[in-house]
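# Chains, contacts and geometry: an overview
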Amino acid sequence: MREPAFWWQPGGGALLGPLGSIYGMAAALRMGSKGRSAGVPVICLGNFTVGGAGKTPAALEVGRLLLAAHERVFFLSRGYGGRRAGPLRVDPAKHSAAAVGDEPLLLARLAPTIVARNRTAGAEAARRDGATVIVMDDGFQNPALTKDLAIVLVDGRRGIGNGRVFPAGPLRAPLETQMRQAHAVIVVGPPDHATIVVERARRLNLAIYHARLVPDAATVSALKERKVLAYAGIGDPEKFFATLSESGIAVAERASFPDHHRYGKTDVRALIARADADNLMLLTTEKDLVRLSGKRHLAGLAARSHALPVRLVIDEAEAFRAMILKVLSRRVAQSLTAR
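Residues numbered from 1 in each chain as written. Predicted model: local features only at pLDDT ≥ 70, side-chain atom pairs only at ≥ 80, totals over all residues. Heavy atoms only, no water.

### A closer look at the overall build of the protein chain
What counts is decided by this rule: Helix and strand assignments come from DSSP, with helices taken as H or I runs of at least 4 residues and strands as E runs of at least 2, each series counted from the N terminus. For each residue, the accessible area found with a 1.4 Å probe, counting protein chains only, is set against the maximum for its type, and the residue is called buried under 20%, exposed over 50%, and partly exposed in between. We call two residues contacting when some pair of their heavy atoms lies within 4.5 Å. Calculation of accessible area relied on Shrake-Rupley with a 1.4 Å probe; when residues are assessed, cover is drawn exclusively from the protein chains displayed. As used throughout, the charge tally considers Lys and Arg to be positive and Asp and Glu to be negative, leaving His and the chain termini uncounted. Just so you know, the charge point we use is NZ for Lys, CZ for Arg, CG for Asp and CD for Glu.
Across its full length, the protein chain holds 13 helices and 13 strands. If you line up the protein chain on its principal axes, its C-alpha atoms span 70 × 45 × 35 Å. The buried share of the protein chain, reckoned over its 339 residues, is 51%. Relative to all contacts within the protein chain whose residues are 6 or more apart in sequence, the contacts with residues 24 or more apart total 75%. Carbon and sulfur atoms provide 53% of the accessible area of the protein chain, an area that totals close to 15,600 Å². Charge separation in the protein chain, taken as the distance between the mean sites of 47 positive and 30 negative side-chain charges, equals 7 Å.

Right under this line is the structure:
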């Protein structure tokens, strides 16, 4: 779905406020439920709001840290946008985004990835396959599993919008409820509109980190001589376009689509025609590009499109790494106690 503009306007969504309050009460009650232990540490990456703030790049960064520590990392995802309920181990050579969702295909390039709408069943499958630690991409508001470490990302450029709960605003649950379930906050990008979140995080003694989405230098260098038509169907396409502009890539045209957009024949024809008309390179996100795989009518667009890989770089890298590894040391301590 496309986000309503009033979500990001001060005072917007007042007429839907009562519905937001009802939804918020239900969400808060659900988040207060006691979860089950996965038997191995669970590190969750989530958002306070609907839409993207960098969860998947953050999950990948956590995965890299854990792999460097010689852990058997498994990613766990609901597989939003995919038709398979799971538990299912993702095979990028066999599965399409239509089957398992786009994020799991990206995660599976780094480490084994389980798709499961039932998070408890997904965690059990990961543990049976040898996981020593599970990294959840999303699922912060889902109480099914106990989270040993819950890290919530906020887009510093947009913050929490009008501060209201869905459908009146972008919050998935009341902010205070969510923050009391979190252990750490990562502000992605300039923190201009994340002041409220940072102040409350400090009052709750949550760890606060600052991060940037940094595009691949080699790709940027190769693209600087080309004019591009940039298109994206993610939570916040403007973030992608801003990254391109900040990298010095000449964006001649842009096209925005809803999050997890399934491109149709009309989209393909329109994008290719616009690119041909002005001799533009088609450039998109890694998520969008994997979503183009596995469908015959998308093959032409996929062949013509290039992706810009990005990586989440955390300013307080050593402190962040120490926090992640502390979860593992806690597991060792629990194991010794159990003996």
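### Describing the packing of aromatic side chains
Stated formally: Only Phe, Tyr and Trp rings take part, Trp by its six-membered ring, and two of them pair if their centres are within 6.5 Å. Stacked means planes under 30 degrees apart, edge-to-face means over 60, and tilted covers everything else. The rule is short: NZ of Lys or CZ of Arg within 6 Å of the ring centre and within 35 degrees of the ring normal puts a charge over the ring.
For the structure on display, the rule yields seven aromatic pairs. In this structure an aromatic cluster arises from ring pairing among Trp7, Tyr23 and Phe166. The lysine or arginine in question, arginine 158, covers the ring of tryptophan 8, its NZ or CZ lying 3.9 Å from the ring centre.

### Observations regarding the pattern of salt bridges
Heads up, the rule is: For this analysis, a salt bridge means a side-chain nitrogen from Lys or Arg found within 4 Å of a carboxyl oxygen belonging to Asp or Glu.
This structure, assessed with the given rule, holds 19 salt bridges. Among the ionic pairs, aspartate 129 bridges to arginine 89, the shortest N-O distance being 3.4 Å. Of this pair, aspartate 129 sits in the loop between α5 (119-128) and β5 (133-137) while arginine 89 sits in strand β3 (residues 88-89), placing them 40 residues apart in sequence. With its nearest N and O atoms 3.2 Å apart, the salt bridge here joins aspartate 315 to arginine 212. Here arginine 212 lies in strand β8 (residues 207-215) and aspartate 315 lies in the loop between β13 (310-314) and α13 (317-338), a separation of 103 residues in the sequence. One network of salt bridges, in which partners are shared, links Glu3, Arg157, Arg158 and Asp236.

### Some details on the sheet that holds strand β12 (residues 305-307)
Operational definition: For two strands to be treated as a pair, DSSP must find at least two bridges joining them. Simply put, an axis is a line fit to the C-alpha atoms, just over the touching stretch for a helix, and the angle between two N-to-C directions goes from 0 to 180 degrees.
Strands sit in the order β10-β9-β11-β12 across an open sheet of four strands; the sheet is parallel. Since the sheet does not close on itself, it has two edges, and those belong to β10 (250-256) and β12, each with one partner. In this sheet, adjacent strand axes meet at a mean angle of 35° when their direction is disregarded. Two strands pair when backbone bridges link them, and strand β9 (residues 227-232) and strand β11 (residues 281-284) are joined in this way by three bridges, in the parallel orientation. When the sheet's bridge partners are listed, leucine 229 is paired in β11 with leucine 282.

### Let's talk about unusual backbone geometry
Proline 167 follows phenylalanine 166 through a cis peptide bond whose omega is 5°. For proline 167, the position within the fold is in the loop between β6 (149-155) and α6 (175-179). Here asparagine 205, not a glycine, exhibits a phi torsion of approximately 60°, which is positive. Note on placement: asparagine 205 falls in the loop between α7 (195-203) and β8. Take asparagine 205: its relative accessible area is 72%, and that puts it in the exposed class. Although it is not a glycine, histidine 260 adopts a positive phi angle of roughly 60°. Topologically, histidine 260 is positioned in the loop between β10 and α10 (265-277). Residue class for histidine 260 comes out buried when judged on its relative accessible area of 15%.

### Regarding the environment of glutamate 71
Looking at where glutamate 71 falls in the secondary structure, it is placed in the loop between α2 (55-68) and β2 (73-77). On the basis of relative accessible area, glutamate 71 is assigned to the buried category, the value being 14%.

### Some words on the nonpolar core
The condition that has to hold: We call a set of buried Ala, Val, Leu, Ile, Met, Phe, Trp, Tyr and Cys residues a nonpolar core when their side-chain atoms join them within 4.5 Å.
Counting residues in each nonpolar core, the largest one holds 37 residues, and the members touching the most others are Phe48, Leu76, Ile134, Met179 and Val185. Excluding anything up to four places from it in sequence, isoleucine 134 contacts Ala38, Val40, Pro41, Val42, Ile43, Phe74, Leu76, Ala123 and Ala126. Grouped together as the second largest cluster of nonpolar side chains are 30 residues, Leu66, Leu153, Val188 and Leu213 included.

### Comments concerning empty space enclosed by the protein
We apply this condition: In this analysis, the protein atoms alone were mapped onto a 1 Å grid. Cavities are point sets where a 1.4 Å probe fits without being able to get out; pockets are open sets with protein on both sides within 12 Å along at least five of seven lines; lining residues have an atom within 4 Å of a point. Grid points are joined across faces, edges and corners, and a volume is the space filled by probe spheres set on the points. Classes in brief: Ala, Val, Leu, Ile, Met, Phe, Trp, Tyr, Cys and Pro nonpolar; Asp, Glu, Lys and Arg charged; the others, Gly included, polar.
Throughout the structure, instances matching the rule amount to one cavity of 30 Å³ or more. The volume enclosed by the largest cavity comes to roughly 70 Å³. As for the largest cavity, its lining consists of 13 residues, of which Thr49, Ala53, Val154, Asp155 and Gly159 are closest to the centre. Of the residues belonging to the lining of the largest cavity, the class tally is seven nonpolar, four polar and two charged.

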